[in-house]
Amino acid sequence: MRYKCLAYLMRYAAWERAPEVYKGMYINLSRWCNQPAQYSKKSLREFCTGQGEYSSCFRYLTAFEALHPEMAHYLDMKYEEVQYGKIYG
């Protein structure tokens, strides 16, 4: 985001061997960032919340955040805000 690039996440073959919460977040992250319209307008949290509170997307997001609260600010990053200096320097 800082370098004005659109992300594209390619799944590494070993992703299936990861613990369930990480597998789910990996899928969510790739679904979000591989869609430029979603990635450039919504944060990952907005993307997952928009799926509904009973969706697997939201469930994995909350489980990941519970395991790694120090990473929560990354879940709220938005491409436009980073580009125009509103947040994150």
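Attention in this report is confined to the structure presented alongside it. All figures in this text were calculated on a predicted structure; none of them were measured in a lab.

## Brief notes about the layout of surface pockets
Over the atoms a probe the size of a water molecule is rolled, and this reveals where empty space is left.
Here is step 1 of the chain: The computed volume of the largest pocket comes to approximately 260 Å³.
Here is step 2 of the chain: At the level of elements, α1 (20–33) and α5 (72–75) are the ones that each hand at least two residues to the lining of the largest pocket.
Here is step 3 of the chain: The leading source of residues in the lining of the largest pocket is α1, at 5 residues.
Here is step 4 of the chain: Residue classes in the lining of the largest pocket are distributed as 12 nonpolar, no polar and no charged.

## Focus: the state of the cysteines
Put plainly, two cysteines are in a disulfide when a covalent bond ties their sulfur atoms together.
Here is step 1 of the chain: Throughout the structure, instances matching the rule amount to 0 disulfides.
Here is step 2 of the chain: Free of any disulfide, Cys 5 has its nearest cysteine sulfur in Cys 33, 12 Å distant.
Here is step 3 of the chain: You can call Cys 5 partly exposed: its relative accessible area is 44%.

Thresholds, definitions, all that
- Residues numbered from 1 in each chain as written.
- Predicted model: local features only at pLDDT ≥ 70, side-chain atom pairs only at ≥ 80, totals over all residues.
- Heavy atoms only, no water.
- 1 Å grid on protein atoms, 1.4 Å probe; cavity = no way out; pocket = protein on both sides within 12 Å on 5 of 7 lines; lining within 4 Å.
- Points joined across faces, edges and corners; volume = space filled by probe spheres on them.
- Helix = DSSP H or I, 4+ residues; strand = E, 2+ residues; numbered from the N terminus.
- Nonpolar A, V, L, I, M, F, W, Y, C, P; charged D, E, K, R; others polar.
- Disulfide = S-S within 2.5 Å.
- Buried < 20%, exposed > 50% of the residue type's maximum accessible area, 1.4 Å probe, protein only.

None of the figures reported here should be taken as evidence of function without further support.
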